[in-house]
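Listed here are the chains, written in short residue letters.
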Amino acid sequence: MQRTYPIDVEAVREDFPLLRRRDVIYLDNAATTHKPRQVIDAIREFYERMNANVHRGVYQLAIESTEAYEDARRKVMEFIGARDRREIVFTRNTTESINLVANGYGFKKLTRGSKVVLSEMEHHSNIVPWQILARRLGCKIEYVPITDEGELRYDLMEKMVRDASVVSIVHASNVLGTINNVREIVKLAKDNGAVTVVDAAQTVPHMPVDVGEMGVDFLAFSGHKMLGPMGIGVLYGRRELLEEMDPFLGGGEMIREVTLEGSRWNEVPWKFEAGTPNVADAIGLGAAIDYLKRLGMDKVRDHESKLVRYALERLREIPHLRIYGPNDSYERVGVLSFTLADVHPHDLAEHLDRKFNIAIRAGHHCAMPLHSRLNLTATSRASFYIYNTYEEIDKLVEGLVSALNYYKVI
Ligand code: PMP
């Protein structure tokens, strides 16, 4: 296979201070990504030149801070194909975004016996908030099973969503890499009157995502997995639904009027952003979006597909190595989970770190039900992003072969 890149990887790597300063092969991008200097500079710039609370002051600094914060919201809106800035709520991360839907929408609209449909390949952040809700309200949760190849059982879905109130599904699995056909799922759910939620933590950073095309009601993702800072996330919500929802947190900024007897809420999205928001990191996320847009999301996707294809080919050469998820690189995001004979994933990750400076993830990756379904307690996971190279995958293969010898598997 030709080892070419759709993007200028060398130039990209130059933009990442950590990759220049540390001798590391970083393959844990599904957990979090590194930050280019453009993002770091945007955050520093905010604190050095603007720093003031937003939506409150009438003085120049406050006006500039507010404009920069709201401009970041506009960038997010455009990036995911939303058409109304008010459909973008800033949260801390994907987890908080899904909790907001479960509490703000679920708690208001669902009742005893209502059905929520999830899947067996969900991250805990798209399971636990619904379990908490189900415990409070007495609703039911059903999980769409997966096949042994790590695909959703689409054949069962029609029946499962028939009487569902909410269908909440991950766009791409952070363990299997499987990209789910969310357009089809959303359509099916809508035809049956269910509200749809998509956990896009592993897709918005890696491929073009358009909420309009998808037709989804709510979509959640995290800034830190897409070159942005930690502590800023997004909930996209269809405006009518956001309007109907109750706030989840109360306090300053989310109100229109407060009296001793009660309060009236601010307009969306601000009614969901109680207290002083994470202004600097929202601006950092805006800079991350600018960076990704300059590269082009089609190219980002292409780059990762090529790396995954190469990694699948090379990893298949290794004896006793088992890869989970779809065989076809184009049905996956840049996530590869595997086991190597009976070497414990933590031992393997430590070996790769100690001897090769390779950072991979080991464990259940916050998807314990999925691991149980695969009869596993843990896997090792390598996940790629725009700065990864074929040479790094070669090094990973070398490290895995060395682990085979070290642990005397062969
Ligand atoms: N969903 C998926 C699919 C994820 O991969 C992750 C992060 N591993 C999350 C949700 C949670 O993201 P965060 O920790 O940023 O809330």
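Residues numbered from 1 in each chain as written. Predicted model: local features only at pLDDT ≥ 70, side-chain atom pairs only at ≥ 80, totals over all residues. Heavy atoms only, no water.

Once that is clear, we can look at the overall build of the protein chain. Counting its regular elements, the protein chain contains 15 helices and 15 strands. Its C-alpha atoms give the protein chain a radius of gyration of 22 Å, within 12% of the compact-globule value 22 Å for 410 residues. Its C-alpha atoms give the protein chain principal-axis dimensions of about 75 × 55 × 35 Å. Counting every position in the protein chain, which comprises 410 residues, the buried fraction comes to 56%. For the protein chain, the exposed area adds up to about 17,400 Å²; of that, 48% sits on carbon and sulfur atoms. Counting 53 positive and 58 negative side-chain charges, the protein chain places the averaged centre of each group 2 Å from the other. (Helix = DSSP H or I, 4+ residues; strand = E, 2+ residues; numbered from the N terminus. Rg over C-alpha atoms; globule rule 2.2 N^0.38 Å. Buried < 20%, exposed > 50% of the residue type's maximum accessible area, 1.4 Å probe, protein only. Areas by Shrake-Rupley, 256 points an atom, 1.4 Å probe, with all protein chains shown as cover. Lys, Arg positive; Asp, Glu negative; His and termini not counted. Charge placed at Lys NZ, Arg CZ, Asp CG, Glu CD.)

So, about the pattern of salt bridges. Taken as a whole and assessed by the stated rule, the structure comprises 36 salt bridges. Here E273 makes a salt bridge to R73, at a shortest N to O gap of 2.8 Å. With E273 in the loop between β10 (263-265) and α11 (279-295) and R73 in helix α4 (residues 60-79), this residue pair connects regions lying 200 residues apart in the sequence. No difference in accessibility class separates E273 from R73, as the two residues are buried. (Salt bridge = Lys/Arg side-chain N within 4 Å of Asp/Glu carboxyl O.)

This part covers the sheet that holds strand β14 (residues 361-363). Spatially, four strands are ordered β11-β12-β15-β14 in an open sheet, and the strand pairing comes out antiparallel. Looking at the sheet topology across the chains shown, the edges are occupied by β11 (321-324) and β14. Each strand of the sheet is rotated relative to its neighbour by a mean of 30 degrees, with strand direction disregarded. Bridge count between β14 and strand β15 (residues 379-383): three bridges; the pairing is antiparallel. When the sheet's bridge partners are listed, R361 is paired in β15 with R381. The sheet strands contacting helix α12 (residues 297-315) are β11 and β12 (335-340), and the helix crosses β12 at an angle near 10 degrees. On the sheet, helix α15 (residues 390-406) packs against β11, β12 and β15 and is oriented at approximately 15 degrees with respect to β12. (Pairing = 2+ DSSP bridges. Axes fitted to C-alpha atoms, helices over the stretch in contact; angles between N-to-C directions. Contact = heavy atoms within 4.5 Å.)

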